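# A look at the structure
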Amino acid sequence: MFDVIVVGGGPAGLNAALVSGRQRRRVLLLDSDRPRNAPAARMHMFLSRDGFPPAELRRIGRDQLSAYPNVEVRGATVTTAATTPRGFTVTLADGAVEHARRLVLATGQVDVLDERVEGLSALFGRGVYHCPFCHGWETTGMSLAVLGHELPQVMQALYVADRFSRDVIVCTDGHPVPEQAAGRLADAGIAVEETGVTRIEGEEGAVRLVLADGRVIERQGVYHRPPTRQHSPLAEQLGCLILPDGCVRVDEFQRTSVPGVYAAGDTARLEALPDALTFVITGAADGARAAVWLDQELFREDAGLGG
């Protein structure tokens, strides 16, 4: 019986395991090694690690966990999770079953890319960017396109044009511009292309959008915010409350609606927030917060202090 099983080995999961391990908890970290930011060569807005390769951060995190013999890191995919009278069980893809008093879900989300646009997946994170907070500085002064027709996607063009470039075009991929955005785009001098995009090609710094009528739009960078889904079904299996955008609802302590189950990173958010923060540093902070409060919960339980 572990004190804590952490599912997911990104910044949130690694930090949750580190904090729990340093409190001498018996911890099992399970990681399928499929990070959301795998395509990205650099991460940003992490103090002392700005521009650092995310894969290197994960490697260092695992190395640091190896200093704690009470923390086990295992490469594994968790297929199911369930509550028990004593806590929780998780079943791994190889059939192994592990038990813990508490669970931390740090399984993250998956970007759902439109397969009809050839090349979008290959360039995502390498010329096609999802977030101006993460990539805006590097695209300053570039010719940019914003791909998408939903209002949040189209409004991203206004943000990018306000901060980083005066040469921005919106490609709505065969859809009309949302009525709420049309006037604002015109006032900002942002061009709109409604013809469908069939292919994206090129490389970082030189991207070409091939339209359905054969025309080509050449840009130095593209922003595209795709829809997301949960990387893992575990939260749903456990009965955690899921918000309309697919995020797991947590409170200020990173607790889900299921007692004993915590969630951290971009898999979860406070209901009061409009969106999940997808930054590496906030994921790490969530993991630390979850570990601190679940440790206190276990301490009060063992000491007979009640809730």
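As the structure is a prediction and not an experimental result, all values here were calculated from the model.

Of note, A276 is situated in the loop between β19 (268–270) and α8 (280–302). Exposure remark for A276: the relative accessible area of 10% places this residue in the buried category. For the pair A276 and G239, spaced 37 residues apart in sequence, the C-alpha to C-alpha distance is 20 Å. Among residues more than four places away in sequence, those in contact with A276 are C247, D266, A268 and R269.

Attention shifts here to the pattern of salt bridges. Counted by the stated rule, this structure contains 27 salt bridges. Among the ionic pairs, R36 bridges to D111, the shortest N-O distance being 2.8 Å. Taken together, the residues span a long stretch of sequence, with R36 in the loop between β2 (27–31) and α2 (54–65) and D111 in strand β7 (residues 109–111) at a distance of 75 residues. Using a relative accessible area of 25% as the deciding quantity, one classes R36 as partly exposed. Residue R102 is joined to E301 by a salt bridge in which the shortest nitrogen-to-oxygen separation is 2.7 Å. Taken together, the residues span a long stretch of sequence, with R102 in strand β6 (residues 97–105) and E301 in helix α8 at a distance of 199 residues. You can call R102 buried: its relative accessible area is 9%. Salt bridges sharing common partners tie together D3, R101, R102, E297, E301 and D302.

The full count for this structure, using the stated rule, is four aromatic pairs. Residues F133 and F279 carry aromatic rings whose centres are separated by 5.7 Å and whose planes lie at 50 degrees to one another, so their mutual orientation is tilted. Of this pair, F133 sits in helix α4 (residues 132–135) while F279 sits in the loop between β19 and α8; the two residues are 146 residues apart in sequence, bridging distant segments of the chain. One aromatic cluster is present, built from ring pairs that chain together F133, Y159 and F279.

This part is about the sheet that holds strand β9 (residues 144–147). Here we have five strands laid out as an open sheet, ordered β8-β15-β9-β10-β11, and parallel in their pairing. Two strands bound the open sheet, and with one partner strand each, they are β8 (128–129) and β11 (191–193). With three bridges connecting them, strand β10 (residues 168–171) and β11 associate as parallel partners. Within the sheet, the bridge partner assigned to C171 lies in β11 and is E193.

Before going further, it helps to examine unusual backbone geometry. Look at D33: it is not a glycine, yet its phi comes out positive at around 60 degrees. The topology assignment puts D33 in the loop between β2 and α2. Here M45, not a glycine, exhibits a phi torsion of approximately 65 degrees, which is positive. Mapping M45 onto the fold places it in the loop between β2 and α2.

This part covers α8. Every α-helical turn comprises 3.6 residues, leaving residues that sit three or four positions apart pointing alike. A rise of 1.5 Å per residue sets the reference length of α8, with its 23 residues, at 33 Å; its end C-alpha atoms lie 33 Å apart and thus fit the reference within 8%. Every buried residue belonging to α8 is among V280, G283, A284, D286, G287, A290, A291, L294, D295, E297 and L298, and all of these are buried. One or two residues past the end of α8 sits G304, with phi positive at roughly 70 degrees.

Quite often, the size of an interface is put as the accessible area lost when its parts meet. The domain boundaries assigned to the protein chain delineate domain 1 (2–111 + 227–303) and domain 2 (120–224). Placing a centre on the C-alpha atoms of domain 1 and another on those of domain 2 gives a separation of 33 Å. Contacts between the two partners involve nine residues from domain 1, matched on the other side by nine residues from domain 2. Between domain 1 and domain 2 the total buried area reaches about 790 Å² when both faces are included, carbon and sulfur atoms providing 57% of it. Where domain 1 meets domain 2, there are one salt bridge. For E204, the salt bridge goes to R42, with nearest N and O atoms at 3.4 Å. Across the domain 1-domain 2 interface, the total number found is two residue pairs in polar contact (both at pLDDT 80 or more). Here the residues of the side of domain 1 that touches domain 2 are counted per class, giving five nonpolar, two polar and two charged.

With respect to the secondary-structure elements, T89 resides in strand β5 (residues 87–92). Contacts of T89, omitting those with residues within four sequence positions, involve T80, A81, A82, T84, V97, E98 and H99.

Definitions and cut-offs
- Residues numbered from 1 in each chain as written.
- Predicted model: local features only at pLDDT ≥ 70, side-chain atom pairs only at ≥ 80, totals over all residues.
- Heavy atoms only, no water.
- Helix = DSSP H or I, 4+ residues; strand = E, 2+ residues; numbered from the N terminus.
- Buried < 20%, exposed > 50% of the residue type's maximum accessible area, 1.4 Å probe, protein only.
- Contact = heavy atoms within 4.5 Å.
- Salt bridge = Lys/Arg side-chain N within 4 Å of Asp/Glu carboxyl O.
- Phe/Tyr/Trp six-rings, centres within 6.5 Å; stacked < 30°, edge-to-face > 60°.
- Pairing = 2+ DSSP bridges.
- Expected span 1.5 Å × (residues − 1).
- Domains from an automatic or database assignment.
- Buried area = accessible area lost by both parts, 1.4 Å probe.
- Polar contact = N/O pair within 3.5 Å; in protein donor to acceptor, adjacent residues only side chain to side chain.
- Nonpolar A, V, L, I, M, F, W, Y, C, P; charged D, E, K, R; others polar.

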